[in-house]
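Commentary on secondary and tertiary structure
If you want the building blocks of each chain, they are given just below.
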Amino acid sequence: MSAAEASLIPQPTSRADASYLSFLEGLREFVLNEERGLDRDLDRMFAQESERRGQPFGDLASITAFMEETQAGPVRNRMLRSEQEMQWRRIQKTFDVNRAELEADLAAFDARGPGQLILDPDLQTPAYANVHFHLQPGGYHKDPLAGHYYHYGTKVFFRGLNDNERVHKGAAAATPLPEDGQVHRVLDVACSIGQSTTVLKDKFPDAQVWGIDHSAPMVRYAHRRAVLLGSDVNFAQRLAEDTRFPDDHFDLVYAMILFHEIPTRIAREVVAETARILRPGGVFVVHDFVDTTHSTPLQLYHRDFDSRFNGEAYAQEFCHCDFSGMLESAGLKIRRVIPDGYGFMNTWWADRAG
Amino acid sequence: MSDPYHQQTPEGGEPLAGADPVLLKDPVTDALLRMVMEVTAELWVERERRMALEDVLRETGVLAADAVENYAPDETRAAAVRAARDELINGVFKELRRLARST
């Protein structure tokens, strides 16, 4: 990553903390790497067992029963769960050393430009958001340093793959235009620390770009990050299901890994709200989990593990809902559904009728 | 909500499955695996620091490239190193001796 972008990631306060967290990044790679990780061995184990039984694995219950009989399955659970716990403990410890300075630093950026930051102290955090997503202490909104935790936590979580925002840049690079090619206003819903928001501004430099999130610590961190990048984007503390933008306002609405973090009933509200604020001919771009129809046994097991032990309270709901149907029920027309090739993520392009 | 995930995680902000689930059948083995992870992490922290230290010493000309590799302590120093080694071994494995004595 470039020095400028590297400096935007909050740095651990000691060499020991940095190398401890680097170790955890490597440990995740040891388990999860598709080519050489423990998961490759587990995939083979499932294949061998399936061959021995003379039939493919069926439902989650049979997959879980088999995994829990094996020696490697529970060890995988223990390692992934402990890695997350170790990661958050160390991240919290390392940033708490400078808590006062970090909070003062955030406050110093609130009123700076080029973009604006709109906070809403009266916003009631919905109960559904009161979850320790991925076990992050305090969830996404309770700790004033939630953005700092999230930025470094996701660096470890992505095993370095998102250093320099590679994941966000790759996803945004493939963002389609509305059919008429006109992009003047862009919204990044549930933007967290604004990584997609600034990348969208880079892609559409003449457009007015907004990022919204329910979490004040996240949008404050996103705003500070954008100011440091010199990116003229705006952030507001608002709900994805109640954006408070006018009807027919945006040419492009973007949602990166939002929907599996909210209950299905709220997902329907978010889709309806998006259909309202998209202008006729505008496009809604969604990156999120796939349904489980074509998942491997290990992918099915992992999704369930994440829901039971890793703070993914709503991921199962999302994976079993008909998301394409939900988009179409709100009057959006699916242009494309693009799988990521690994069986984890889809991209949906859905147009509002012109 | 009726699905098991909401039952386990009411929208109240508590970590799933409690703060500290045991995931292996035997709680002792569960604890041992966690300990191995922590010990290996701390081993890496120490090793990374020592590598950095040796790099700094070499780059500032304090050490020759092969100085650590070829370092041969005199007999007094070698005895102190052996004593430190045995102290570590006895400290870590003393529980095994306790088990042996109790059987």
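Up top is the structure.
Residues numbered from 1 in each chain as written. Chains lettered and ligands numbered in written order. Predicted model: local features only at pLDDT ≥ 70, side-chain atom pairs only at ≥ 80, totals over all residues.

1. Describing the overall build of chain B
In terms of helices and strands, chain B carries three helices and zero strands. Starting at the N terminus and walking to the C terminus, you meet the elements of chain B as α-α-α. Here chain B, with 103 residues, has 7% of them falling under the buried criterion. (Helix = DSSP H or I, 4+ residues; strand = E, 2+ residues; numbered from the N terminus. Buried ≥ 20, exposed ≤ 12 C-beta atoms within 10 Å, placed from the backbone.)

2. Focus: helix α7 (residues 146-157) of chain A
Residues and elements named next belong to chain A. The terminal C-alpha atoms of α7 lie 15 Å apart, and with twelve residues this matches the ideal 16 Å at 1.5 Å per residue to within 8%. The buried fraction of α7 amounts to ten of the twelve residues, a majority that puts the element mostly inside the structure. Along α7, the residues that are buried comprise Ala146, Gly147, His148, Tyr149, Tyr150, His151, Tyr152, Gly153, Lys155 and Val156. Those residues of α7 hidden inside the fold are in contact with α2 (15-32), α5 (72-96), α6 (99-109) and α10 (216-229). At the C-terminal side of α7, Arg159 shows a positive phi close to 55°. (Expected span 1.5 Å × (residues − 1). Contact = placed C-beta atoms within 7 Å.)

3. A few points about the sheet that holds strand β2 (residues 185-189) of chain A
All names here are of chain A. On the basis of which strands lie adjacent, the open sheet formed by eight strands has the order β1-β4-β3-β2-β5-β6-β8-β7 and mixed pairing. With partners counted over all chains shown, the strands left at the sheet margins are β1 (117-118) and β7 (332-339), one partner each. Each of β5 (250-256), β6 (278-289), β7 and β8 (345-352) is contacted by helix α11 (residues 264-277), which is oriented at about 150° to β6, the strand it contacts most. (Pairing = 2+ DSSP bridges. Axes fitted to C-alpha atoms, helices over the stretch in contact; angles between N-to-C directions.)

4. Concerning the interface of chain A and chain B
Buried accessible area, meaning the area lost when the parts come together, often serves as the stated size of an interface. The partner chain B presents 23 residues to the 28 residues of chain A that form the contact. Elements represented by at least two residues in the side of chain A that touches chain B include exactly α2, α5, α12 (297-309) and α13 (315-319) of chain A. Considering only residue class, the side of chain A that touches chain B consists of 14 nonpolar, nine polar and five charged. (Nonpolar A, V, L, I, M, F, W, Y, C, P; charged D, E, K, R; others polar.)

5. What to know about unusual backbone geometry
Note: most residues except glycine have negative phi, and most peptide bonds are trans. Residues and elements named next belong to chain A. At the junction of Gly113 and Pro114, the peptide bond is cis and its omega measures out at 20° in the coordinates. Positionally, Pro114 belongs in the loop between α6 and β1. Phi angles above zero are rare outside glycine, and Glu165 is one such case at about 55°. Of note, Glu165 is situated in the loop between α7 and α8 (166-173). For Ala190, which is not a glycine, the phi torsion comes out positive at approximately 55°. Within the element layout of this structure, Ala190 appears in the loop between β2 and α9 (195-203).

6. Some words on the nonpolar core
Residues and elements named next belong to chain A. In terms of nonpolar packing, the biggest core is built from 81 residues, with Val189, Val253, Tyr254 and Ala255 touching the most fellow members. Once residues lying within four places of it in the same chain are set aside, the contact partners of Tyr254 are Thr175, Val186, Leu187, Asp188, Ser196, Leu200 and Val285. Ranked by size, the runner-up nonpolar core spans eight residues in total, among them Phe46, Met67, Leu298 and Phe305. (Core = buried A, V, L, I, M, F, W, Y, C linked by C-beta atoms within 7 Å.)

7. What to know about the packing of α2 of chain A against helix α2 (residues 27-59) of chain B
As a packed pair, α2 of chain A and α2 of chain B sit with axes 9 Å apart at the nearest point and diverge in direction by 125°. Relative to α2 of chain B, the element α2 of chain A is oriented oblique. When you trace α2 of chain A past α2 of chain B, the crossing you get is right-handed. Across the interface between the two elements, Arg15, Ala16, Ser19, Tyr20, Phe23 and Leu24 of chain A of α2 of chain A pack against Ala41, Trp44, Val45, Glu48 and Arg49 of chain B of α2 of chain B. Split into classes, the residues belonging to the contact of α2 of chain A with α2 of chain B amount to seven nonpolar, one polar and three charged. (Parallel < 35°, antiparallel > 145°, perpendicular 65-115°, else oblique. Left-handed = near helix turned anticlockwise from the far one by under 90°.)

8. With respect to α5 of chain A
End to end, α5 of chain A covers 36 Å across 25 residues, agreeing with the expected 36 Å (1.5 Å per residue, within 8%). With 18 of 25 residues buried, α5 of chain A lies mostly within the body of the structure.

9. A short note on the pairing of β5 of chain A
All names here are of chain A. Along β5, seven of the seven residues are buried, which leaves the element largely enclosed by surrounding structure. The sheet contact formed by β2 and β5 spans three bridges and is parallel. Considered in β5, the bridge of Asp188 is made with Tyr254. Two elements, β5 and β6, share six bridges in a ladder whose sense is parallel. Bridging across to β6, Tyr254 finds its partner in Val285. Each parallel crossover has a hand, and the one from β5 via α11 to β6 is right-handed. (Right-handed = clockwise from strand over helix to strand, strands pointing away.)

10. Considering the packing of α7 of chain A against α10 of chain A
Residues and elements named next belong to chain A. At a minimum axis separation of 7 Å, α7 and α10 run at an interaxial angle of 70°. One way to sum up the angle between α7 and α10 is to call them roughly perpendicular. Of the residues in α10, those touching α7 at Ala146, Gly147, His148 and Tyr150 are Pro217, Met218, Arg220, Tyr221 and Ala222.

11. Some details on the pairing of strand β3 (residues 208-213) of chain A
All names here are of chain A. Counting buried residues in β3 gives five out of six residues, a clear majority hidden from the surface. Bridging between β2 and β3 involves five bridges; their strand directions are parallel. Each residue of the ladder has a partner; that of Asp188, found in β3, is Gly211. In this fold, β2 hands off to α9, which returns the chain to β3; that crossover is right-handed. In terms of handedness, the path from β3 via α10 over to strand β4 (residues 234-237) forms a crossover that is right-handed.

Everything listed is a geometric property; what it means functionally is a separate question.
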